[in-house]
Amino acid sequence: MKTKRIACIGAGYVGGPTMAVIAMKCPQYQVTVADLSESRIAAWQTDTLPIYEPGLLEVVQAARGRNLCFTTDIAAAIRESEIIFVSVNTPTKTFGEGAGRAADLQYWERVARDILRESRSPKIVIEKSTLPVKTAQTMENILNANGKGIHFEVISNPEFLAEGTAVQDLLEPDRVLIGSRETAEGLKARQEIVDIYANWVPAERILTSNVWSAELSKLVANAFLAQRISSINSISALCEKTEASVREVARAVGMDARVGPRFLNASVGFGGSCFKKDILNLVYICESYGLDEVARYWESVVAMNEYQEQRFVRTMIREMFNTIVGKRIALFGFAFKANTSDTRESPAIYVTRKLLEERANVVITDPKALESARRDLAGNLQEIEFTDDPYQAASGAHAIAVMTEWDLYRSLAWDRIYRSMEKPAFVFDGRNLLDHKRLYEMGFNVYPLGAPPLKHL
Ligand code: NAD
Ligand code: UGA
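Predicted, not measured: the structure shown is a model, and the values here were computed from it. (Residues numbered from 1 in each chain as written. Chains lettered and ligands numbered in written order. Predicted model: local features only at pLDDT ≥ 70, side-chain atom pairs only at ≥ 80, totals over all residues. Heavy atoms only, no water.)

## Some details on the layout of surface pockets
Think of a ball as big as a water molecule: rolled over the atoms, this probe shows where empty space is left.
1) Next: The space that makes up the second largest pocket amounts to roughly 540 Å³.
2) Next: Around the second largest pocket, the lining comprises 25 residues; the ones closest to its centre are Tyr13, Pro50, Ile51, Tyr52 and Ser341.
3) Next: Only helix 3 (56-63) and helix 14 (370-376) provide two or more residues apiece to the lining of the second largest pocket.
4) Next: The leading source of residues in the lining of the second largest pocket is helix 14, at five residues.
5) Next: Among the residues forming the lining of the second largest pocket, the class breakdown is ten nonpolar, five polar and ten charged. (1 Å grid on protein atoms, 1.4 Å probe; cavity = no way out; pocket = protein on both sides within 12 Å on 5 of 7 lines; lining within 4 Å. Points joined across faces, edges and corners; volume = space filled by probe spheres on them. Helix = DSSP H or I, 4+ residues; strand = E, 2+ residues; numbered from the N terminus. Nonpolar A, V, L, I, M, F, W, Y, C, P; charged D, E, K, R; others polar.)

Right, dumping it as structure tokens:
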């Protein structure tokens, strides 16, 4: 007999892996993951999981059928659980008030109403999704206006995992943050959630706070991370003008212990489902409190990212003699980062669209993300070639643009690739992944990010 029953509503990139790790580490809890999507739930029940994450299948297999199950029966999952994590998507609103900035809370609110309708006993409801600060208040208002005499305690437990390293991040998190009301009931509920994580996370890494600090910390953590990337990307532009190398600058700056070395890799731009959305959400919240200067400050992080994407494509066009009409251009990678099949907000989407506008012949290769790429580019499928073979992608190409830092691209037979390409052959390395000097010596014209080009022209 299991002691506690946990439900998670939302079986996506966060809900699935998080619950799999909780189930594996806490055999005394019964964990049910519920979602509206029948295909997603069906996939979680097979060995072809709906998302690609290194090490995830092993974790799922360790707990599935023991104390981890997946279902579309959301009502039953709610009724039978004392603890309900809500991990549904919270995208940027595309309509009405706050369009393009505010979080679209319709999925979250729908779950709140499902919880309200199905519950017959008190529940702890946990915000796992990333939400605007003060959402817990709205949730409490919806849930506790139930007239059934059932008490709901709302807790904020934001998730900090990154895709591609989700399992590792969950097994050994830098910190777990649990925010609650500071009432007797709030503190009791907080402790229940602390008790779950204490099964494998050291006590000093489990942080507790008030519920608003927890909600806001999640938005701020993503804003700070994205800000570092925009900062180094802004400097990459300056390096290209001054013969400084952004890698050398990042190394020198990052060795200051106060700055730290991580998240200082210049790139074609940050992607992923959350950085842009969460910063825009922060901007919107600041504006709604009349903090316009604060809003403009954070908005510039997104503006710099867009500039970096534009700059990358402009360099390609300029360096290829100001026309790319009819030229075959191979994009190496489409995922927004390595080790994931996720392409949400990938800079490769923008780059592809721009290259197509310039009437280039685009060929896309990626080891994991071609299916998503096809979905993202559904309106242009006739114009694009897709292949999982980088050699085929490069064959006959005028240029290669590295979009994703997949390790495998480092160890390709670049001399073979060079021979198969049109000449002059160009490499635009949007991730500073390759050995630029070696490629230059083979005959390539090489364009690193944030360093002078190595060209024979
Ligand atoms: P996702 O789109 O992969 O998954 C969300 C799931 O919720 C989908 O499967 C959808 O079908 C389901 N859903 C939506 N409405 C539902 C409803 N009413 N009932 C049942 N299921 C419903 O999203 P995700 O990437 O897992 O992100 C979820 C939340 O976590 C977001 O708020 C995001 O900002 C946050 N987050 C994401 C990451 C990440 O790396 N992706 C990391 C940290 C936090
Ligand atoms: C990010 C955060 O790292 C997580 O802590 C957070 O939980 C998550 O967002 C979220 O809320 O969704 P994720 O988007 O999965 O995780 O991946 P990151 O590793 O942060 O990379 C984001 C983007 O920045 C990628 O496109 C990546 O290539 C780029 N990046 C990262 C750089 O361009 N340079 C760097 O130095 C680091």
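## Looking at the site of ligand 2
1) Next: The environment of ligand 2 is made up of 20 residues, and the closest members are Phe160, Leu161, Glu163, Ser267 and Arg431.
2) Next: Contact between ligand 2 and leucine 161: an oxygen atom at 2.7 Å from a main-chain N or O atom of the residue.
3) Next: Between ligand 2 and glycine 271 there is a distance of 2.9 Å, counted from an oxygen atom to a backbone nitrogen or oxygen.
4) Next: For ligand 2, whose free accessible area comes to 700 Å², the fraction covered by protein is 90%.
5) Next: Top element by residues in the shell around ligand 2 is helix 9 (residues 211-242). It accounts for four residues. (Near = heavy atom within 4 Å. Polar contact = N/O pair within 3.5 Å; in protein donor to acceptor, adjacent residues only side chain to side chain. Areas by Shrake-Rupley, 256 points an atom, 1.4 Å probe, with all protein chains shown as cover.)

## Quick look at the pairing of strand 7 (residues 176-180)
1) Next: With five of five residues buried, strand 7 lies mostly within the body of the structure.
2) Next: In strand 7, alternate side chains face the same way, and those of Val176, Ile178 and Ser180 on one face and Leu177 and Gly179 on the other are all buried.
3) Next: Viewed along the sheet, the connection from strand 7 through helix 8 (residues 184-197) into strand 8 (residues 206-210) turns out right-handed. (Buried < 20%, exposed > 50% of the residue type's maximum accessible area, 1.4 Å probe, protein only. Right-handed = clockwise from strand over helix to strand, strands pointing away.)

## Comments concerning the pairing of strand 12 (residues 399-402)
1) Next: Going residue by residue along strand 12, you find Ala399 and Ala401 tucked away on one face and Ile400 and Val402 tucked away on the opposite face as well.
2) Next: Inspection of the sheet shows strand 9 (residues 328-332) paired to strand 12 by four bridges, in the parallel sense. Note that in strand 12 the partner of phenylalanine 332 across the bridge is valine 402.
3) Next: Pairing of strand 12 with strand 13 (residues 426-429) involves four bridges; the strand directions are parallel. Across the sheet, the residue bridging to isoleucine 400 is valine 427, located in strand 13.
4) Next: With respect to chirality, the unit in which strand 12 leads through helix 16 (residues 414-420) into the neighbouring parallel strand 13 is right-handed. (Pairing = 2+ DSSP bridges.)

## Observations concerning the site of ligand 1
1) Next: Near ligand 1 you find 26 residues, and of these Asp35, Arg40, Thr90, Glu163 and Lys277 are the closest.
2) Next: Interatomic distance of 2.6 Å between a side-chain N/O atom of threonine 90 and an oxygen atom of ligand 1.
3) Next: When the free accessible area of ligand 1 is taken as 830 Å², the share hidden by the protein chains comes to 92%.
4) Next: Per-element accounting of the shell around ligand 1 gives the leading share, three residues, to helix 5 (residues 106-118).
5) Next: Of the residues in the shell around ligand 1, the class split is ten nonpolar, eight polar and eight charged.

## Concerning empty space enclosed by the protein
1) Next: All told, the structure shown has two cavities of 30 Å³ or more when counted by the stated rule.
2) Next: If you add up the space inside the largest cavity, you get close to 40 Å³.
3) Next: Taken together, Glu127, Ser129, Thr130, Leu131, Ser156, Asn157, Pro158, Glu215 and Lys218 make up the lining of the largest cavity.
4) Next: For the lining of the largest cavity, the class distribution of residues is two nonpolar, four polar and three charged.
5) Next: Here the second largest cavity defines a volume of roughly 40 Å³.
6) Next: Of the residues forming the lining of the second largest cavity, the biggest block, four residues, is contributed by helix 5.
7) Next: The residue makeup of the lining of the second largest cavity, split by class, is eight nonpolar, no polar and no charged.

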